[in-house]
Amino acid sequence: MYAWIWRKLPGATGIKLVEAALLVVVVVALLLFVVFPWIEPTLPFTDPTAGS
Amino acid sequence: MTLGLVVLLFVFYELYVTSWFSARKQTEATERLHDRWKDETPRRMPVKPEDGRGFAQLYIPALGADYRYTVLQGTDQETLAIGPAHYTGTALPGERGNFAVAGHRIGRGAPFGDLDQLRSCDALIVETASQWYVYRVLPMRHEVADWASRGGSSSRGPAKPDAAGGADQRAAETRCKGVAPIGGPYAEVVGRRIVQPHQSEVILPVPGKQGAEVPPERRTRLITLTTCHPRFSAEKRLIVHGVLTKRYPKVSSRPGLRPPELRSPEPGEG
């Protein structure tokens, strides 16, 4: 998967590096601020209340 | 590999990112609470707290001199993400019955992350608009039997007759003043216990009892803190019970006044 993305990125190696880094940042941000807060309430890890 | 990275990122999110969010929300809630306290003329009767809003502050000097959290009303996930949350319907600070508060053990600022560190007689101080309430952690289960003979000294073994032991004991007596096993219908109410998640009876006015045993006007003024146990899991619940030992009315002309129990370390504390 990663090799395929690398091949698809346009430009020279230097530009590809920058694009890849940007892509990583976007994916991480999406996970941290959208996906995780959304799926978290359905996971049973952190409920500290008694009787639920 | 991708899945592993995502899981790692999720752990990072749970432990740190949620805490950053929560720290900001907690600060905002505290500021709003202080603003409200400034505006309100202190009333003697407790004001009914509004859902999702801060109404009191919890200090636990044993967990750090700067340990202070604004306690909010209602135990929904959104409120718990801001700070320790008061179970709606349980007693208010200082009232007869059980002032019950839940808090996260990990992530979201983990206000109750070190709740397992508390020893008997540690102060749990609650500040409201008009009062300071000093609760203290009840004797642990293993301390109950010989509590009277050890002079309330926690986890130090029986008091020794020599001078040093005597000083130790006196210090512990100050710290543990007003703390003793309650007994009777409260026999199961000890400093710390681990229960199953469904055991909501720990936050009842008389924990574990339906309440008929003790009429409301004779109930002990308790505090109960609940959190996850073990850490990183929600398999069980860690419960800390405390009893009200002292109260100080706030003096509006001297807003900086703090109860002596907020000094750290307290006498008799190791």
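Residues numbered from 1 in each chain as written. Chains lettered and ligands numbered in written order. Predicted model: local features only at pLDDT ≥ 70, side-chain atom pairs only at ≥ 80, totals over all residues. Heavy atoms only, no water.

(A) Up close: the nonpolar core. All names here are of chain B. Core analysis: the largest hydrophobic core is formed by 24 residues, its most contacted members being Leu-124, Val-126, Tyr-135 and Leu-225. Secondary structure elements with two or more residues in this core: strand S1 (54-59), strand S2 (68-73), strand S4 (97-102), strand S5 (123-127), strand S6 (131-137), strand S8 (221-229) and strand S9 (236-249). Each residue touching Leu-124, except ones within four places of it in the same chain, is listed here: Tyr-59, Ile-60, Leu-118, Tyr-133, Val-134, Tyr-135, Val-137, Ile-223 and Leu-225. Grouped together as the second largest cluster of nonpolar side chains are 10 residues, Ala-85, Ala-102, Ile-203 and Ile-239 included. (Core = buried A, V, L, I, M, F, W, Y, C linked by side-chain atoms within 4.5 Å. Buried < 20%, exposed > 50% of the residue type's maximum accessible area, 1.4 Å probe, protein only. Helix = DSSP H or I, 4+ residues; strand = E, 2+ residues; numbered from the N terminus. Contact = heavy atoms within 4.5 Å.)

(B) Highlighting the pairing of S5 of chain B. Residue and element names in this part refer to chain B. Among the 5 residues of S5, 5 are classified as buried, and the element is accordingly described as predominantly covered. Burial along S5 is two-sided: the face carrying Ala-123, Ile-125 and Glu-127 and the face carrying Leu-124 and Val-126 are both buried. Sheet topology places S1 next to S5; 3 bridges connect them, and they run antiparallel. Across the sheet, Gln-57 pairs through a bridge with Glu-127, a residue of S5. (Pairing = 2+ DSSP bridges.)

(C) Quick peek at the pattern of salt bridges. All names here are of chain B. A complete count under the given rule lists 8 salt bridges over all chains for this structure. Among the salt bridges present, the one from Arg-105 reaches Asp-116, with a minimum N-O distance of 3.3 Å. Highlighted residues: Arg-105 in the loop between S4 and S5 and Asp-116 in the loop between S4 and S5, separated in sequence by 11 residues. The class of Arg-105 is buried, set by a relative accessible area of 3%. Given a relative accessible area of 27%, Asp-116 falls into the partly exposed group. When the shortest N-O distance is used, the salt bridge between Asp-114 and Arg-231 registers 3.4 Å. Of this pair, Asp-114 sits in the loop between S4 and S5 while Arg-231 sits in the loop between S8 and S9, and the two are 117 residues apart along the sequence. The class of Asp-114 is partly exposed, set by a relative accessible area of 37%. (Salt bridge = Lys/Arg side-chain N within 4 Å of Asp/Glu carboxyl O.)

(D) Spotlight on the state of the cysteines. Residue and element names in this part refer to chain B. Scanning the entire structure with this criterion turns up 1 disulfide over all chains. Residue Cys-121 pairs covalently with Cys-176 via a disulfide, S to S 1.9 Å. On the sign convention where negative means left-handed, the S-S torsion of about 115° between Cys-121 and Cys-176 marks this disulfide as right-handed. Highlighted residues: Cys-121 in the loop between S4 and S5 and Cys-176 in the loop between helix H4 (163-175) and strand S7 (192-195), separated in sequence by 55 residues. (Disulfide = S-S within 2.5 Å.)

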